[in-house]
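If you want the building blocks of each chain, they are given just below.
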Amino acid sequence: MFSAAEIKEKAKKTGFDACGIAQVATADSEALFFDRWLKEGNHAGMAYMENHREIRLNPAGLVEGAKTVISVALNYYPEQKLPPEAPHIAYYAYGKDYHFVIKEMLNELWSAVTGQTDTGTARFFTDSAPILERYWAWKAGLGWIGKNTNLIIPGKGSFFFLGEIVTSLEADHYDMPQKDRCGSCSRCLEACPTEALEGPRHLNARKCLSYLTIENRGEIPAEQAACLGNRLYGCDTCQEVCPWNRFARPTRIEAFRPAPALFSLRKEDLKGFSREEYNRIFAKSAVKRAKYEGLIRNIHNLKD
Ligand code: SF4
Ligand code: SF4
């Protein structure tokens, strides 16, 4: 057993912006919604989402005898944004790839509390395993899942990476989920340029510019390409309009500061964007997820 208070205190010291603790149980409340969402094809080309259903709904498949999910959030909101005329890059991808940063921090956190690393009784994840990250963050009391499908932390907003420690150890205290505070607001649904938010918490990835410019390996359908504007990689619109993000504060994580080369990117220079330039500018960035070919496809679709 470990102390919930101690891990929260250490999480703060490690640099996380929020930490909560949930007891492992099957995510029954999500199962029906998730199955229907998949059946309707809303996951677009992300066929991997059809795999590992049982693990997705219960992380006991990832760590034998899992009892606890420790959920953490790390702010990535940039201090300085690219100018509006520059090609838009999702804020989360401004700096160094978050996978490395968060895994290292989770390791530091867990070893500070238990003296153990990522083996045996605990495993660490950040967007790296079939886990319903936002569900666990909600269950661990970090915030609620907004109509734009993002985890919103009261008084802090939604520009956060999520990470988890799944462990077979029990905590001496578990947190309670927070209530939904979207209320009658529907700004995100109204602002989405492609109507990809087809209802509260109902994202159709086939229409989402974030999916289409990052995960998608095919062409961008003409109807959605016409809405791209200057989005080169990702789309932050449904978060930018969210009133809870008026609380967003710049990240304190040095690694998330943008590489200076990012600020020199101009739409007109992208026409002959070479693989060498791509490797130089996005060397350690999450932008590499779109791959060079994907970025070139996005460049061709940018509005002049
Ligand atoms: S990321 Fe952009 S396209 Fe996708 S749902 Fe949000 S506003 Fe719509
Ligand atoms: S914009 Fe409004 S409805 Fe959408 S997530 Fe934010 S608070 Fe909820």
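Our structure is the block above this text.
In what follows, the accompanying structure is described. (Residues numbered from 1 in each chain as written. Chains lettered and ligands numbered in written order. Predicted model: local features only at pLDDT ≥ 70, side-chain atom pairs only at ≥ 80, totals over all residues. Heavy atoms only, no water.)

### A few points about the side chain of T14
Then step 1. In this fold, T14 is placed in helix α1 (residues 4-14).
Then step 2. Residue classification places T14 among the buried positions, given a relative accessible area of 14%.
Then step 3. What T14 contacts, discounting residues up to four positions off in sequence, is M105, E108 and L109. (Helix = DSSP H or I, 4+ residues; strand = E, 2+ residues; numbered from the N terminus. Buried < 20%, exposed > 50% of the residue type's maximum accessible area, 1.4 Å probe, protein only. Contact = heavy atoms within 4.5 Å.)

### Description of the pairing of strand β1 (residues 18-23)
Then step 1. With 5 of 6 residues buried, β1 lies mostly within the body of the structure.
Then step 2. In terms of strand pairing, β1 meets strand β2 (residues 68-75) through 6 bridges, oriented antiparallel. Paired with A22 across the two strands is V69, which belongs to β2. (Pairing = 2+ DSSP bridges.)

### Description of the pattern of salt bridges
Then step 1. In the structure shown here, the tally under the stated rule is 12 salt bridges.
Then step 2. Residue D175 is joined to K8 by a salt bridge in which the shortest nitrogen-to-oxygen separation is 2.8 Å. You can see D175 sitting in the loop between β7 (160-167) and α6 (187-191) and its partner K8 sitting in helix α1, a full 167 residues away along the chain.
Then step 3. By relative accessible area, D175 is classed as buried at 19%.
Then step 4. Among the residues examined, K8 registers a relative accessible area of 26% and is labelled partly exposed.
Then step 5. Residues E215 and R289 are paired through a salt bridge, measuring 2.6 Å at the closest nitrogen-oxygen approach. In this pair, E215 sits in the loop between α7 (209-214) and α8 (222-225) while R289 sits in the loop between α10 (275-281) and α11 (291-301), placing the two residues 74 residues apart along the sequence.
Then step 6. You can call R289 partly exposed: its relative accessible area is 30%.
Then step 7. Salt bridges sharing partners connect three or more residues here, namely D35, R53 and E54. (Salt bridge = Lys/Arg side-chain N within 4 Å of Asp/Glu carboxyl O.)

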